[in-house]
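Observations on the three-dimensional arrangement
As a plain string of letters, each chain reads:
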Amino acid sequence: MSRHVWWAFASSRLALIATGYVVLTVFPAHPVESWQGIVFPGNNWIDGWVRWDSMWYEAIVNNQPRFLPTGHSTANFFPLYSFVSWIVALPMRSFLDHERAFYIGGLIVSSVSFLLGLKAVHRVASQLAGAEVAVRAVWLIAVFPFSFFLTAVYADAFYFCLAAWSLAFAYAGRWPLACALASMAAMTRIPGLALFPAIALEHLRQHDFDPRSLKKQWPSLIILAAGPLLIAGYHEWRYGDPLAFLHARQQGWNRASGLAALQRDFNYFFQGSVFGCGSVGECLREFESTRNVLGYWYVALIPLSIASVVYASRTLGVGLTVWALTSIGMGLVNGLDGTGRFTAVLFPAFIGLAVLLRSRAAFLAVCAAFVPFLLLFFAQFARWKQVL
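Below, the structure is looked at part by part. (Residues numbered from 1 in each chain as written. Predicted model: local features only at pLDDT ≥ 70, side-chain atom pairs only at ≥ 80, totals over all residues. Heavy atoms only, no water.)

1. Things to note about the overall build of the protein chain
What counts, and what does not: Helical segments are the DSSP runs of H or I of at least four residues, strand segments are the runs of E of at least two, and each set is numbered from the N terminus. Burial classes follow relative accessibility: with a 1.4 Å probe on protein chains only, a residue under 20% of its type's maximum area counts as buried, one over 50% as exposed, and anything between as partly exposed. All accessible-area figures derive from a Shrake-Rupley calculation using a 1.4 Å probe, and residue coverage is judged against the displayed protein chains alone.
Helices and strands together make up the secondary structure of the protein chain, namely 17 helices and 0 strands. Counting the 388 residues in the protein chain, one finds 53% classified as buried. When the accessible surface of the protein chain is split by element, carbon and sulfur atoms take 66% of a total near 16,500 Å².

2. As for the nonpolar core
Rule in force here: Think of a nonpolar core as a cluster: buried Ala, Val, Leu, Ile, Met, Phe, Trp, Tyr and Cys residues, connected wherever their side-chain atoms sit within 4.5 Å. Whether two residues are in contact is decided by their heavy atoms, any of which lying within 4.5 Å being enough.
Among the nonpolar cores identified, the biggest contains 121 residues, and I141, F146, F148, F160, W323, F347 and F381 are the most heavily contacted of them. Element by element, the count of residues in this core is highest for helix α6 (residues 156-171), at 14 residues. Leaving out residues up to four positions away in the same chain, W323 has contacts with Y159, A163, L167, P191, A194, L195, A198, V345, L346, F347 and P348.

3. Notes on the side chain of T343
As for its placement among the helices and strands, T343 is situated in helix α15 (residues 339-344). Residues within four places of T343 in sequence aside, it is in contact with F144, L301, S305 and F350.

4. Some points on unusual backbone geometry
Backbone geometry places D208, a non-glycine residue, at a positive phi of 55°. Relative to the elements of secondary structure, D208 occurs in the loop between α8 (195-206) and α9 (218-239). When its relative accessible area of 71% is taken as the criterion, D208 is described as exposed. Of note in the backbone geometry, W384 takes a positive phi value of approximately 70° without being a glycine. Turning to its location among the elements, W384 is positioned in the segment after α17 (360-382).

5. Notes on the pattern of salt bridges
Note the following rule: Think of a salt bridge as a Lys or Arg side-chain nitrogen and an Asp or Glu carboxyl oxygen that are within 4 Å of each other.
Under the defined criterion, the tally for this structure stands at 8 salt bridges. The salt bridge involving D47 is made with R51; its shortest N-O contact spans 2.8 Å. The pair formed by D47 and R51 is uniform in burial state, with each residue classed as buried. R212 is paired through a salt bridge with D210; the nearest N and O atoms lie 3.1 Å apart. For R212, a relative accessible area of 60% corresponds to the exposed category. Take D210: its relative accessible area is 24%, and that puts it in the partly exposed class.

6. Here's the deal with helix α2 (residues 53-60)
Taken across its 8 residues, α2 has 8 buried, putting it largely inside the fold. Listed as buried for α2 are D53, S54, M55, W56, Y57, E58, A59 and I60. Packed against the buried residues of α2 are α3 (80-89), α4 (98-129), α9 and α15.

7. Looking at the side chain of S305
So the rule is basically this: Polar contact is defined as a pair of N or O atoms within 3.5 Å, subject to the rule that within protein one atom must be able to donate a hydrogen and the other to accept it, and that residues adjacent in sequence are counted only when both atoms are side-chain atoms.
With respect to the secondary-structure elements, S305 resides in helix α13 (residues 288-311). There is a polar contact of 2.6 Å between the side chain of S305 and the backbone oxygen of L301. Those residues in contact with S305, other than ones at most four positions away along the chain, are I328, T343 and A349.

8. What to know about the packing of helix α7 (residues 175-186) against α8
Any two packed helices are characterised by the angle at which their axes cross and by the distance between the axes. Rules: To define axes, lines are fitted to C-alpha atoms, for helices over the stretch in contact only, and angles between the resulting N-to-C directions are given on a 0 to 180 degree scale. Should an angle fall under 35 degrees it is taken as roughly parallel, and over 145 as roughly antiparallel, whereas 65 to 115 is taken as roughly perpendicular and any remaining angle as oblique. We call a crossing left-handed when the near helix sits turned anticlockwise from the far one by less than a right angle, and right-handed when that turn is clockwise.
In the contact formed by α7 and α8, the axes pass within 10 Å of each other and the chain directions differ by 165°. Here α7 is positioned roughly antiparallel relative to α8, judged by the angle of their axes. Where α7 crosses over α8, the handedness of that crossing is right-handed. Residues W175, A178, C179, A182, S183, A185 and A186 of α7 form the contact with α8, whose participating residues are L195, F196, I199, E202, H203 and Q206.

9. Here's the deal with the packing of aromatic side chains
Definition in use: Two aromatic rings, drawn from Phe, Tyr or Trp (for Trp, its six-membered ring), form a pair once their centres lie within 6.5 Å of each other, and the interplanar angle then sorts them: stacked below 30 degrees, edge-to-face above 60, tilted otherwise.
For the structure on display, the rule yields 33 aromatic pairs. On the numbers, 5.9 Å between centres and 55° between planes, the contact of F9 with F114 is tilted. Separated by 105 residues along the polypeptide, F9 in helix α1 (residues 3-26) and F114 in helix α4 bring together distant segments of the chain. Summarising the burial analysis for this pair, F9 and F114 share the class buried. For the ring pair Y234 and Y239, a centre distance of 6.1 Å and an interplane angle of 80° mean the geometry is edge-to-face. Clustering of aromatic rings is evident, with ring pairs tying together F144, F146, W297, Y298, F350, F370, F373 and F377.

10. What to know about α6
Applicable threshold: Expected helix span is taken as 1.5 Å per residue step, with the number of steps being one fewer than the number of residues.
Along its 16 residues, α6 runs 22 Å from first to last C-alpha, staying within 8% of the 22 Å computed at 1.5 Å per residue. Of all 16 residues in α6, 16 are buried, a share of seventy percent or more. A positive backbone phi angle near 80° is found at G173, which sits one or two residues after α6.

11. Some points on a nonpolar patch on the surface
We apply this condition: Residues qualify for a patch when their relative accessible area is over 30% and they have no salt bridge, like charges being joined within 9 Å and the nonpolar side chains of Val, Leu, Ile, Met, Phe, Trp and Tyr within 5 Å.
A cluster of nonpolar side chains, namely Y21, V22, V26 and W45, defines an oily patch on the protein surface of about 390 Å² accessible area. Residue placement: W45 occurs in the loop between α1 and α2.

12. Describing the packing of α4 against α6
Note the threshold: Following the grouping adopted for this structure description, the nonpolar residues are Ala, Val, Leu, Ile, Met, Phe, Trp, Tyr, Cys and Pro, the charged ones are Asp, Glu, Lys and Arg, and the polar ones are all others, Gly among them.
Two numbers describe how α4 lies on α6: the axes approach to 8 Å, and their chain directions differ by 30°. The orientation of α4 with respect to α6, classified from their angle, is roughly parallel. Two packed elements cross with a definite hand, and for α4 against α6 that hand is left-handed. For the contact of α4 with α6, the class distribution of residues is 16 nonpolar, 3 polar and 2 charged.

13. Brief notes about the environment of S110
You can see S110 is positioned in helix α4. Remark: the alpha-carbon pair of S110 and Y154, spanning 44 residues in sequence, is separated by 7.2 Å. Setting aside its immediate chain neighbours within four residues, S110 contacts Y81, L150, T151, A152, V153, Y154 and A157.

What is shown is where atoms sit, not what they do.
Written out as structure tokens, the structure is:
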């Protein structure tokens, strides 16, 4: 594994761990809802990584979860990350209760997945654009303002790893592995389905766009179809509806979609003023200023991500380009909320940005601009503020 991958991973994660400890020590977390809780009280080194969706992933493997609001369904969360974290947590149950063991297992799965995902990005980017672009892409992902989600007890790092290696194997022509990982990605997050057309188009590209070439890959296509079928079966078994994840979002979670979702989120993020606080401490204690900053980031990320992918499309190739653009489109259906963490996994956009930043000075300037926002957003996330 490249030393640049290790350095980008280790330095960014250590900075976040230190930030979480300092912030939670100086500004202790005060959950605003009755269902929110502190999983590791007194341990500010790791407690800030277990927030919001973390509780929902734990609830998938726990029949009596402590930290959940009433009237909502776990059907909105695909189960593979929870299952893997539960398995990893099994040895820790000898000295931790099941709940805390799961969260430690989730942190391990997320951290290892992020590291392995960075390795896949480095490999793909090296092949497509050269070693220098690969190094820049890895660092840009590691210091991206929302990359803390790729270590928290969220499914994003696991999905990032599966997607990156799936596409890496597709570009290498290893179709059974590519399809197996894409199938697993589709059991981790809904956007995993965007890998399906990406892999198919990459296969066609490598075979002069001859549709008959796909017939020879029928075992791989069966593997690819297994993921959605298993997810449908899981939701039918657990919730009595193979499409329960769609209904849970629109009904149980009261989430709009399309233009209504974009309008609602826009109004939410741009309430108040960025300069509504009088000091740094006040800005950290309150959330209004951070909420506004998040709004500007979310609105900017959508066109910038699209532009980066389109700019580098010839370098990226059809597979990476289609996956990234399709994923962005799928994310827009649900509004602006979560745009940061959805973008964090779209490594083709970071490869495109790395291609654009040919100057070392420009690259360092972008990284330097990223870091303060990374630390700010994680600090607010750790304090149970709505950085989702």
